[in-house]
Structures are given as C-alpha cells and as structure tokens.
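What follows is the residue order along each chain.
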Amino acid sequence: MNIETGSDRGLQAMIRNINDLDGKKIDFNVNTGRHLSINTDRENNPVIHAEIDGLPTQHFYMNDVARDQIFTHADINQNTAQSLLDRAPAEFCSVINKLWHDSPSDRILRAYDGAPAFHGVADYNVLRGYVSNKFLRFDHTDVLNNIMPLITDGDHDYSVTAATLTDRNMRVTFRSNAIQGSDNRAVGDVMALGFVISNSEVGLGSLSLQELIITLACLNGMMSTNVLSSIRAKHLTSSISCDGSHGGVIPADITASQIQAKDLYRSAVNFLNNLSSDTLQDHIEKMNTARSDVIEDHALIVAPSDPQADDHLVDRITKYLGVPRNKGKTIRQEITNARVQRGYINQPLSRATLIQAVTALQHKNADHAEIWQRNGAKMLAMTSNAFNNYIAQPIAA
C-alpha cells in the first residue's frame, strides 16, 4: 500500500491515540431505576453515580456525546435540556432522577476509567456513551485488527487522504492511486475512486465502508451514487439485561462472542474487489453534465464582489438538501470560494460549482463530513430538468 507521508503521520497518530484510549475503556451494565442517580458538584457540573452490587460506587462526569444521549433518551430537546441544566442544574438533575426511577430501563454506560481528567478530578470516570443494552461493541481497535490489514497488507494501491478520531466516530479516507481520471469538459481536475471506513463506539453510526469519488486538487469527496457500493454493520445484538438487582462491568472479551468477524471480513474483501473504474467514469460524465446545467438568472448568481446579494439561490439549495437554513451563510461563502478555483474561474455558475461548494463543507467539521459528502452526491444525482425547475428557475418578476 502506498501512503502519502503527511497522511501516514496522521493515520499513525490516530492509531496511537486509539490504542492509548483502548486501555482506559470500561463498560457497565446498569438499570437506571436501581443503579443510577445524578447531582451536581460544587461547580454545578453534573455528576452521575452508579451504585452497583459488589463494586465501589462509580462516579462519572459526562462528555458532550453522553450528555446529549441522556437528554435524548429522556425525550427532552437537547437545546432545552442544556438551557435548563445551565439555569437550574440541581432542579434539572432532580427531573432526570425521577425519569430514571419512574421509567427504568437497562443501559450500557461506556466510559474511560479515570482519564482524561474532567474538571480537575482524575479519579472519576468519564462517561462517553449512554447506549441501549442491545448495543454491539465493535470498537475502533476491532476495525483496525480485522479490516485495515486487508488494505495495508494486500495488493491494493491506495493512499490515505484523511484520518480523524472524535468523541463521536472514527473515519479513515483512502483514494486509489490507480483508478483515476479527468474530463476537461467538466472541471479539469483529476478525480480518483476512493472509499471511507467509519465507525462509532458510542451508538452514533454503523461500521461502514462507503465508496467515494475524490477530487485530488482539494480532496473534496462525495458519496458514490452507486447504491450497491457500500457495506454497513449495525451495532446491534441481543439485549444484555440486568438480572434482578445486579449490574456490573461488561467483560472486554465479550466482543469476541458477539461479532461475526468472518462475515465482516468476507464483506470487506468483496467490497474492495468490486471497486471499479466504471464507477469513476460514470461520475466524471455526471460532472460533465452538471457543468452544462448553468444558472442564467442574474438574481440567483452569487458573485464574490457582492456579498450582500439576495440569497434566493442558497435558500433553494438548503431546502433541496434538507439542511438547516442557518447553514446558508456557509454554503454561500463556499460558492464564492469555488468560483475562484481552477476550473471554475470565469465560468458560468453551474450545478458543478454548487457540488464543489457543498462538498467543501466536509472539511469544516469531521463529525459532519458524511452529511456533506452525501449532499454532494444528491446534487450530482439531480437530473437537468430537476435542477432547472427547482434550483435555477428564474425569480418571478
């Protein structure tokens, strides 16, 4: 496998981080009514306590992911819950306690054992996930051990373009060094077939391998429009219940009896073997068509020299993609940026320009990269008629 030097350093740093955190993981099986309570410390930070038979009392600070999962499980809007927690922390904790005790449920607490320290208290656990008792643990180390060797030790010629690890997920993006192509009628940039491996340890996404089309000049990627070009393995298994009043630590080696590693390995082999230059050529042709879909109405054209222009175009894009309207300002800026990039300078504003702008947003936030890669694919899959009728239609006088 050929790995670009800079990206290799990023991948190796991510692997070291994963291995370091792996030694600090500890998972608990609890019933909210029997084992959990929540209050605040002296600085009004919420602290969860787990009273589990046979174990010392476990104390947890929460990271943002676990906090939002607790809010969601309680059927409380996250923004509302955070506002109440900020304004009336003790009273809000009482509400959570009542919900836990009046509507008990079995949950898995995914934590780090005493590190990293939150709020200066190193001997407390850090709650990183509050997940269903049906959650199947297939962690990042399992991905590295079962799937990465297929890529690194095989005959496939791929380079790493990005490797990110957040509290929510892990993503590693590869591009082919062999399956590449360009069409000067489109944007003039070399495009490559690629794929992304993603996984979440805290219930915020399946383990997946998904085909990407990557523009090499800017490393923007979009999901392949080939619906068969992905595999997903849900983190779902039979429920782990608390028997009577018992909860406890879930042994780390339970993963071995839960995962279907051979099936996953087989699926990954098939995925890699089915990556085809035909897919890349199909997307190049679609980008060529997208370049021909131009916007004629001046009132819709986003000009770099006119930042105060009406946002009719951006409003239509956000509605079509189904993204919050407050993302419009960022989309507008990326359209402006795209129009001064190679292949778009002095060219009409087209659907290809909008695809370039939308996919550029994947670099803003690693946790949202997949959303914008899918949005790029959605715009690429538009027919010319749909684009003209929905996006480029002139504004009525």
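Since the model is a prediction, treat every value here as computed from it, not as a measurement.

Residues and numbers for the environment of I295, please.
Examined against the element boundaries, I295 turns out to sit in the loop between α10 (277–292) and α11 (312–321). The class of I295 is buried, set by a relative accessible area of 4%. Taking the C-alpha atoms as reference points, I295 and A392, 97 residues apart in sequence, are found 5.3 Å from one another. Not counting chain neighbours up to four residues away, the residues in contact with I295 comprise L300, I301, L313, L349, F387 and A392.

Tell me about the packing of aromatic side chains, and please be specific about residues and values.
For the coordinates displayed, the defined rule picks out 8 aromatic pairs. Among the aromatic side chains, those forming a connected cluster through ring pairs are Y158, F174, F195 and F271. Between the NZ or CZ atom of K378 and the centre of the ring of Y320, over which it lies, the distance is 4.9 Å.

Pulling in residues and values, what's your account of the nonpolar core?
Judged by nonpolar contacts, the single largest core of 60 residues is most densely connected at F174, F195, I197, L313, I335 and L354. With 5 residues, the top contributor of residues to this core is helix α13 (residues 351–360). If near-sequence neighbours (up to four positions away) are discounted, I335 is found in contact with V302, L313, V314, I317, L349, L354 and A357.

Tell me about helix α14 (residues 369–380), and name the residues and values.
For α14, which comprises 12 residues, the first-to-last C-alpha distance of 17 Å matches the rise-based estimate of 16 Å (1.5 Å per residue) to within 8%. Residues of α14 that are buried include every one of A369, W372, Q373, N375, G376, A377, M379 and L380, and no others.

Describe the pairing of strand β1 (residues 25–31), naming the residues involved and giving the relevant values.
Within β1, 7 of the 7 residues are buried, leaving the element largely enclosed by the surrounding structure. Covered by surrounding structure in β1 are K25, D27, N29 and N31 together with I26, F28 and V30, the residues of both alternating faces. Sheet topology places β1 next to strand β5 (residues 106–112); 7 bridges connect them, and they run antiparallel. Among the inter-strand pairings, F28 is bridged to a residue of β5, identified as L109.

Quick rundown of the pairing of strand β3 (residues 46–50)? Include the residues and the values.
Burial of β3 is extensive: 5 of the 5 residues sit out of reach of the surface. Of the two faces of β3, both are covered, the one formed by P46, I48 and A50 as well as the one formed by V47 and H49. Sheet topology places strand β2 (residues 36–40) next to β3; 5 bridges connect them, and they run antiparallel. Residue pairing across strands places S37 opposite H49, the latter belonging to β3. Once β2 ends, the chain turns through 5 residues before running back antiparallel as β3, passing N44 with a positive phi of about 65 degrees. With 3 bridges connecting them, β3 and strand β4 (residues 58–62) associate as antiparallel partners. Considered in β4, the bridge of A50 is made with Q58.

Help me get a handle on α13, residues and values and all.
Buried residues dominate α13, accounting for 10 of its 10 residues. All buried positions along α13 are accounted for by R351, A352, T353, L354, I355, Q356, A357, V358, T359 and A360. Here the buried face of α13 lies against β11 (220–223), α10, α11, α12 (328–338), α14 and α15 (384–391). Sitting at the amino-terminal end of α13 is S350, which places a side-chain oxygen 3.3 Å from the backbone nitrogen of A352.

Tell me what's going on with unusual backbone geometry, and back it up with residues and numbers.
Look at N44: it is not a glycine, yet its phi comes out positive at around 65 degrees. Among the secondary structure elements, N44 is positioned in the loop between β2 and β3. At N346, a position not held by glycine, the phi torsion is positive, near 60 degrees. Inspection of the secondary structure puts N346 in the loop between α12 and α13.

So what's going on with empty space enclosed by the protein? Which residues, and what values?
If a probe as big as a water molecule is rolled over the atoms, it shows which places are left empty. Summed over the entire model, instances satisfying the criterion amount to 2 cavities of 30 Å³ or more. What the largest cavity holds in volume is close to 70 Å³. Breaking the lining of the largest cavity down by element, the ones donating at least two residues are β10 (207–215), β11 and α13. Of the residues assigned to the lining of the largest cavity, the class counts are 6 nonpolar, 5 polar and 1 charged. Put simply, the second largest cavity is a space of about 50 Å³. Around the second largest cavity, the lining residues are I38, P46, M62, R67, I70, F71, L85, F92, C93 and I96. Broken down by secondary-structure element, the contributors of at least two residues to the lining of the second largest cavity are α3 (64–73) and α5 (89–102). Taken together, the residues of the lining of the second largest cavity sort by class into 9 nonpolar, no polar and 1 charged.

Criteria and thresholds
Residues numbered from 1 in each chain as written. Predicted model: local features only at pLDDT ≥ 70, side-chain atom pairs only at ≥ 80, totals over all residues. Heavy atoms only, no water. Helix = DSSP H or I, 4+ residues; strand = E, 2+ residues; numbered from the N terminus. Buried < 20%, exposed > 50% of the residue type's maximum accessible area, 1.4 Å probe, protein only. Contact = heavy atoms within 4.5 Å. Phe/Tyr/Trp six-rings, centres within 6.5 Å; stacked < 30°, edge-to-face > 60°. Lys NZ or Arg CZ within 6 Å of the ring centre and 35° of its normal. Core = buried A, V, L, I, M, F, W, Y, C linked by side-chain atoms within 4.5 Å. Expected span 1.5 Å × (residues − 1). Pairing = 2+ DSSP bridges. Polar contact = N/O pair within 3.5 Å; in protein donor to acceptor, adjacent residues only side chain to side chain. 1 Å grid on protein atoms, 1.4 Å probe; cavity = no way out; pocket = protein on both sides within 12 Å on 5 of 7 lines; lining within 4 Å. Points joined across faces, edges and corners; volume = space filled by probe spheres on them. Nonpolar A, V, L, I, M, F, W, Y, C, P; charged D, E, K, R; others polar.

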